[in-house]
Each structure stands twice: as C-alpha cells, then as structure tokens.
Amino acid sequence: EAGVAQSPRYKIIEKRQSVAFWCNPISGHATLYWYQQILGQGPKLLIQFQNNGVVDDSQLPKDRFSAERLKGVDSTLKIQPAKLEDSAVYLCASSLRRGPGGNEQFFGPGTRLTVL
Amino acid sequence: GEDVEQSLFLSVREGDSSVINCTYTDSSSTYLYWYKQEPGAGLQLLTYIFSNMDMKQDQRLTVLLNKKDKHLSLRIADTQTGDSAIYFCAASETSYDKVIFGPGTSLSVIP
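Rules and cut-offs
Residues numbered from 1 in each chain as written. Chains lettered and ligands numbered in written order. Predicted model: local features only at pLDDT ≥ 70, side-chain atom pairs only at ≥ 80, totals over all residues. Heavy atoms only, no water. Phe/Tyr/Trp six-rings, centres within 6.5 Å; stacked < 30°, edge-to-face > 60°. Helix = DSSP H or I, 4+ residues; strand = E, 2+ residues; numbered from the N terminus. Pairing = 2+ DSSP bridges. Axes fitted to C-alpha atoms, helices over the stretch in contact; angles between N-to-C directions. Contact = heavy atoms within 4.5 Å. Buried area = accessible area lost by both parts, 1.4 Å probe. Salt bridge = Lys/Arg side-chain N within 4 Å of Asp/Glu carboxyl O. Polar contact = N/O pair within 3.5 Å; in protein donor to acceptor, adjacent residues only side chain to side chain. Nonpolar A, V, L, I, M, F, W, Y, C, P; charged D, E, K, R; others polar. Disulfide = S-S within 2.5 Å. Buried < 20%, exposed > 50% of the residue type's maximum accessible area, 1.4 Å probe, protein only.

**Brief notes about the packing of aromatic side chains**
Any aromatic ring pair is given by two values, namely how distant the centres are and how the planes are angled relative to each other.
Line of reasoning, step 1. All chains considered together, the criterion is met by 12 aromatic pairs over all chains.
Line of reasoning, step 2. Here the aromatic rings of F65 of chain A and Y90 of chain A are separated by 6.4 Å at their centres, their planes lie at 40 degrees, and the arrangement is tilted. With F65 of chain A in strand β7 (residues 65-69) and Y90 of chain A in strand β9 (residues 88-95), the pair connects residues that are 25 residues apart, well separated along the chain.
Line of reasoning, step 3. Pairing F107 of chain A with Y35 of chain B gives two aromatic rings, centres 5.7 Å apart and planes at 85 degrees, and the pair type is edge-to-face.

**Regarding the sheet that holds strand β6 (residues 55-58) of chain B**
All names here are of chain B.
Line of reasoning, step 1. The five strands lie next to each other as β1-β3-β8-β7-β6, forming an open sheet whose pairing is antiparallel. Of all the strands in the sheet, the pair left with one neighbour each is β1 (4-6) and β6. Ignoring which end each strand starts from, the neighbouring axes of this sheet average 15 degrees apart.
Line of reasoning, step 2. By the bridge criterion, six bridges tie strand β7 (residues 61-66) to strand β8 (residues 71-76) in an arrangement that is antiparallel. Each residue of the ladder has a partner; that of N66, found in β8, is H71.

**Focus: the interface of chain B and chain A**
Line of reasoning, step 1. Every contact between the two is made by 20 residues of chain B and, on the other side, 24 residues of chain A.
Line of reasoning, step 2. Here chain B meets chain A over a buried area of about 1600 Å², counting both sides, of which 50% is carbon and sulfur.
Line of reasoning, step 3. There are one salt bridge connecting chain B and chain A.
Line of reasoning, step 4. Across the pair D56 of chain A and K98 of chain B runs a salt bridge, and its minimum N-O distance is 3.8 Å.
Line of reasoning, step 5. Applying the counting rule to chain B against chain A returns three residue pairs in polar contact (both at pLDDT 80 or more).
Line of reasoning, step 6. When contributions to the side of chain B that touches chain A are tallied by element, the ones reaching two or more residues are β4 (31-37) and β5 (43-50) of chain B.
Line of reasoning, step 7. Its residues assigned to classes, the side of chain B that touches chain A comprises 13 nonpolar, five polar and two charged.

**Some words on the state of the cysteines**
Line of reasoning, step 1. Per the counting criterion, the structure on display carries two disulfides over all chains.
Line of reasoning, step 2. One disulfide bridge connects C23 of chain A with C92 of chain A, the sulfur atoms lying 1.9 Å from each other. Linking C23 of chain A and C92 of chain A, the disulfide has an S-S dihedral of approximately -70 degrees and is accordingly described as left-handed. With a gap of 69 residues between them, C23 of chain A in strand β3 (residues 19-24) and C92 of chain A in strand β9 connect regions that are remote in the sequence.
Line of reasoning, step 3. The exposure class assigned to C23 of chain A is buried, which follows from its relative accessible area of 0%.
Line of reasoning, step 4. The exposure class assigned to C92 of chain A is buried, which follows from its relative accessible area of 0%.
Line of reasoning, step 5. Covalent S-S linkage joins C22 of chain B and C89 of chain B, the inter-sulfur distance amounting to 2.0 Å. One quick way to see it: the torsion about the S-S bond of C22 of chain B and C89 of chain B is about -65 degrees, and its sign makes the bridge left-handed. One end of the pair, C22 of chain B, is in strand β3 (residues 18-24); the other, C89 of chain B, is in strand β9 (residues 85-92), and 67 residues separate them in sequence.
Line of reasoning, step 6. Overall, C22 of chain B belongs to the buried group, its relative accessible area being 1%.
Line of reasoning, step 7. On the basis of relative accessible area, C89 of chain B is assigned to the buried category, the value being 1%.

**What to know about the pairing of β7 of chain B**
Residues and elements named next belong to chain B.
Line of reasoning, step 1. Here β6 pairs with β7 via four bridges, running antiparallel. Residue pairing in the sheet places D58 in a bridge with L61 of β7.
Line of reasoning, step 2. Between β6 and β7, which follow one another and run antiparallel, lie two residues, and Q59 among them has a positive phi close to 55 degrees.

**Describing the pairing of strand β8 (residues 75-79) of chain A**
All names here are of chain A.
Line of reasoning, step 1. Alternating positions in β8 separate cleanly, S75, L77 and I79 being buried on one face and T76 and K78 remaining unburied on the opposite face.
Line of reasoning, step 2. Relative to β8, β3 is paired through five bridges, and the arrangement is antiparallel. Residue F21 lies in a different strand from β8, and its bridge partner there is L77.
Line of reasoning, step 3. In this structure, β7 lies alongside β8, joined through five bridges in antiparallel fashion. Considered in β8, the bridge of E68 is made with T76.
Line of reasoning, step 4. The antiparallel pairing of β7 with β8 creates a hairpin that spans five residues between the two strands, and K71 there sits at a positive phi of about 55 degrees.

This is how it looks when you write it as structure tokens:
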C-alpha cells in the first residue's frame with residue numbers, strides 16, 4: 001500500500017514570497033490533516049478535512065495560509081506571503097473514517113520550508 | 001485545552017531499557033498515543049492505549065498509564081541503535097477529536 005506522498009521535500013524562499021505544498025493521501029482515507037512542525041516542537045494541527053469539507057481550521061492563520069482538498073483526494077496548502085516564522089516542516093497525514101479504534105494517522109515525509 | 005509535556009532528551013546504552021515519560025492535562029483524554037519519528041521522515045504510530053487500561057504490551061514496547069496522575073510512559077526493552085528517534089506522546093478526547101502532540105523526546109542509543 002502506497003503511503004502519504006508530499007512534494008516538494010524541501011523549499012527555500014524569501015520572506016513575502018508565496019509557496020504551495022501538495023499532498024496525496026493514502027487511497028480511501030477520508031480524513032486529511034496538515035500540520036506545522038517547528039524545530040524542537042511537536043506537530044501542530046493547521047487544518048483537518050473530512051472528504052473535501054473542513055472540519056477544523058481553528059489554528060490556521062487565515063490571513064496568509066489557505067488550503068483546499070479537491071474532490072476529496074489531493075490537497076494543497078499555500079502560504080502567501082511567507083514570514084520568517086513560517087520556517088518549519090509541513091506534514092500531511094491521513095486516516096480512515098474515524099472509529100472506535102482511535103485516530104491512527106499516517107504521515108507523509110513532510111516538506112521542509114526555509115524562509116530567508 | 002489539552003497540553004502534553006515530555007522530557008526532551010534521553011540517552012541509553014544499547015541493550016538497556018528506555019523509559020520515556022509524558023504528562024497530559026485533560027482528564028477527558030480517552031486515547032493516548034505514542035508516535036516515532038526517524039530523521040527526515042514523518043511520524044509513525046507505535047501504539048496507543050485507551051484510558052480504561054493501565055498497561056498495554058506489544059513485543060518490546062510496554063505502555064503504562066496512571067490516569068489519576070495523568071502520566072503515561074513508554075518502555076522499550078532491549079533498546080537497539082535502530083530505536084534512536086524522536087518519540088511523541090499524543091492525546092485525544094475521542095477518536096473523533098483532534099490529536100494534541102507533545103514536544104517529543106529525542107532518544108539516543110549508545111552502542
């Protein structure tokens with residue numbers, strides 16, 4: 001079974017530029033998550049999709065971050081304009097429709113963003 | 001909201017047991033998870049425990065839960081160099097709620 005795919009793996013941009021990240025979840029996984037992981041910290045949820053609807057975007061800085069999940073499969077996360085403090089690893093994860101067995105999330109390798 | 005805390009570093013000798021500790025604040029957390037992150041990779045679920053359990057064992061891994069103290073631990077028996085990674089404790093209130101991650105414990109295994 002193919003895992004969660006993300007691209008690019010690395011991105012270096014200057015502040016005020018725009019950047020976009022792409023995620024392809026595991027086939028059949030209805031729930032998709034974007035996390036921001038700053039160096040030395042745990043992942044922080046930015047946005048959660050159930051199919052193509054947003055379930056939770058309470059921690060997404062909506063003035064600069066946007067995300068969409070077309071047709072309930074692939075997703076893109078965009079930052080416009082980027083700030084220095086956006087330097088982090090952006091992780092995408094997916095899970096099957098939530099059930100009694102806990103919320104096992106499968107993570108992609110992440111995109112490391114450096115903002116200069 | 002939920003807050004999850006962990007010690008940041010642990011160093012053990014190969015063959016010894018490792019114990020990684022975690023505390024959480026929300027007594028409503030029902031699902032408690034341990035994830036492993038190897039360099040350059042995403043997180044991988046190792047195991048999870050329901051709040052109505054005290055212990056769960058899975059091969060070399062033993063999870064202990066003290067619900068009264070809101071304390072969770074992960075014991076790795078016969079630690080190997082391949083166990084060197086960052087270990088994240090995480091919690092969620094139900095399987096429908098978002099998962100809150102701790103800062104991670106970096107485990108270094110000395111040959």
